[in-house]
Amino acid sequence: MTKKEIAKNFLKLAAKGHSHEGFRLYVGKNFKHHNQHFKGDAETLMLAMEESARTNPNKVFKIHHILEDGNLVAVHSHLKQTPTDIGFAVVHILKFESDKIIELWDLGQPIPKETINENGMF
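Residues numbered from 1 in each chain as written. Predicted model: local features only at pLDDT ≥ 70, side-chain atom pairs only at ≥ 80, totals over all residues. Heavy atoms only, no water.

A word on the overall build of the protein
Check the secondary structure of the protein and you find 3 helices and 5 strands. Each helix and strand of the protein, ordered N terminal to C terminal, gives the series α-α-β-α-β-β-β-β. Whereas a compact globule of 122 residues would reach a radius of gyration of roughly 14 Å, the protein reaches 14 Å, a difference of no more than 12%. By principal-axis analysis of the C-alpha atoms, the protein measures approximately 45 × 30 × 25 Å. Counting the 122 residues in the protein, one finds 36% classified as buried. Within the structure as shown, the protein displays about 7600 Å² of accessible surface, and the carbon and sulfur contribution to it stands at 52%. Here the protein contributes 16 positively and 15 negatively charged side chains, and the mean placements of these two sets differ by 3 Å. (Helix = DSSP H or I, 4+ residues; strand = E, 2+ residues; numbered from the N terminus. Rg over C-alpha atoms; globule rule 2.2 N^0.38 Å. Buried < 20%, exposed > 50% of the residue type's maximum accessible area, 1.4 Å probe, protein only. Areas by Shrake-Rupley, 256 points an atom, 1.4 Å probe, with all protein chains shown as cover. Lys, Arg positive; Asp, Glu negative; His and termini not counted. Charge placed at Lys NZ, Arg CZ, Asp CG, Glu CD.)

A short note on the packing of aromatic side chains
Summed over all chains, the structure comprises 2 aromatic pairs. Seen from their ring centres, F23 and F31 are 5.6 Å apart, and the 80° between their planes marks the pair as edge-to-face. By relative accessible area, F23 is classed as buried at 7%. (Phe/Tyr/Trp six-rings, centres within 6.5 Å; stacked < 30°, edge-to-face > 60°.)

Some thoughts on helix 1 (residues 3–15)
Taking 1.5 Å of rise per residue, 13 residues should cover 18 Å, and helix 1 covers 18 Å from first to last C-alpha, within 8% of that figure. Residues of helix 1 that are buried include every one of I6, A7, F10, L11, L13, A14 and A15, and no others. One or two positions beyond helix 1, positive phi appears at G17, with a value near 95°. (Expected span 1.5 Å × (residues − 1).)

Description of the packing of helix 1 against helix 2 (residues 19–26)
Each pair of packed helices can be described by the angle between their axes along with the distance between the axes. In contact at an axis separation of 7 Å, helix 1 and helix 2 are set at 155° when each is read in the N-to-C sense. Here helix 2 runs roughly antiparallel to helix 1, going by the angle between their axes. By crossing handedness, the relation of helix 1 to helix 2 is classed as left-handed. Where helix 1 approaches helix 2, its residues I6, N9, F10, L13 and A14 are matched on the opposing element by S19, E21, G22, F23, L25 and Y26. (Axes fitted to C-alpha atoms, helices over the stretch in contact; angles between N-to-C directions. Parallel < 35°, antiparallel > 145°, perpendicular 65-115°, else oblique. Left-handed = near helix turned anticlockwise from the far one by under 90°. Contact = heavy atoms within 4.5 Å.)

A few points about the packing of helix 2 against helix 3 (residues 42–55)
Look at helix 2 against helix 3: their axes get within 8 Å of each other, and the N-to-C directions meet at 145°. Across from S19, H20 and F23 in helix 2, the residues of helix 3 making contact are A42, L45, M46, L47, M49 and E50. Split into classes, the residues belonging to the contact of helix 2 with helix 3 amount to 6 nonpolar, 2 polar and 1 charged. (Nonpolar A, V, L, I, M, F, W, Y, C, P; charged D, E, K, R; others polar.)

Here's the deal with the nonpolar core
One finds F10, F23, L94 and I101 to be the most contacted residues of the largest nonpolar core, which totals 24 residues. When residues of this core are traced back to their parent elements, those giving at least two are helix 1, helix 2, strand 1 (27–33), helix 3, strand 2 (60–69), strand 3 (72–80), strand 4 (88–97) and strand 5 (100–110). Counting residues per element, this core draws most heavily on helix 1, at 7 residues. Among residues more than four places away in sequence, those in contact with F23 are F10, F31, A42, L45, M46 and M49. (Core = buried A, V, L, I, M, F, W, Y, C linked by side-chain atoms within 4.5 Å.)

Considering the sheet that holds strand 2
Ordered by their spatial adjacency, 5 strands build an open sheet running 1-5-4-3-2, and the pairing between neighbours is mixed. At either end of the open sheet lies a strand with only one pairing partner, and these are strand 1 and strand 2. Across this sheet, the average inter-strand angle for adjacent strands is 25°, counted without regard to direction. Bridge count between strand 1 and strand 5: 3 bridges; the pairing is parallel. Each bridged residue has a counterpart across the sheet, and for K32 the counterpart in strand 5 is E103. Here helix 2 sits on the sheet in contact with strand 1 and strand 5, set at roughly 120° to strand 1. (Pairing = 2+ DSSP bridges.)

Next up, the structure:
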């Protein structure tokens, strides 16, 4: 399995409420993340992902681009908390050691109702 496939599978599992499985299968020891809203350890992020899926059971997560450069994978996606939500453009950057995710950054930008840019966010 490629790093891109691992990143895709991990994020899809997390979005669907299966973060425990995603962490068990794909996350390495000493994992850390950089989300400003949570402590930087695996357990805290895993539980937050699980809670988000429980709170928003109809979440929509669509990946548009996946880029790989050495031990880094970047995933550009559209995240909607509900099917009718406009959502966010999100970029996850995952750092790998062998075939395990050891570090994660996530950046999000709300999608505006109206935009000047005719190309959209995806």
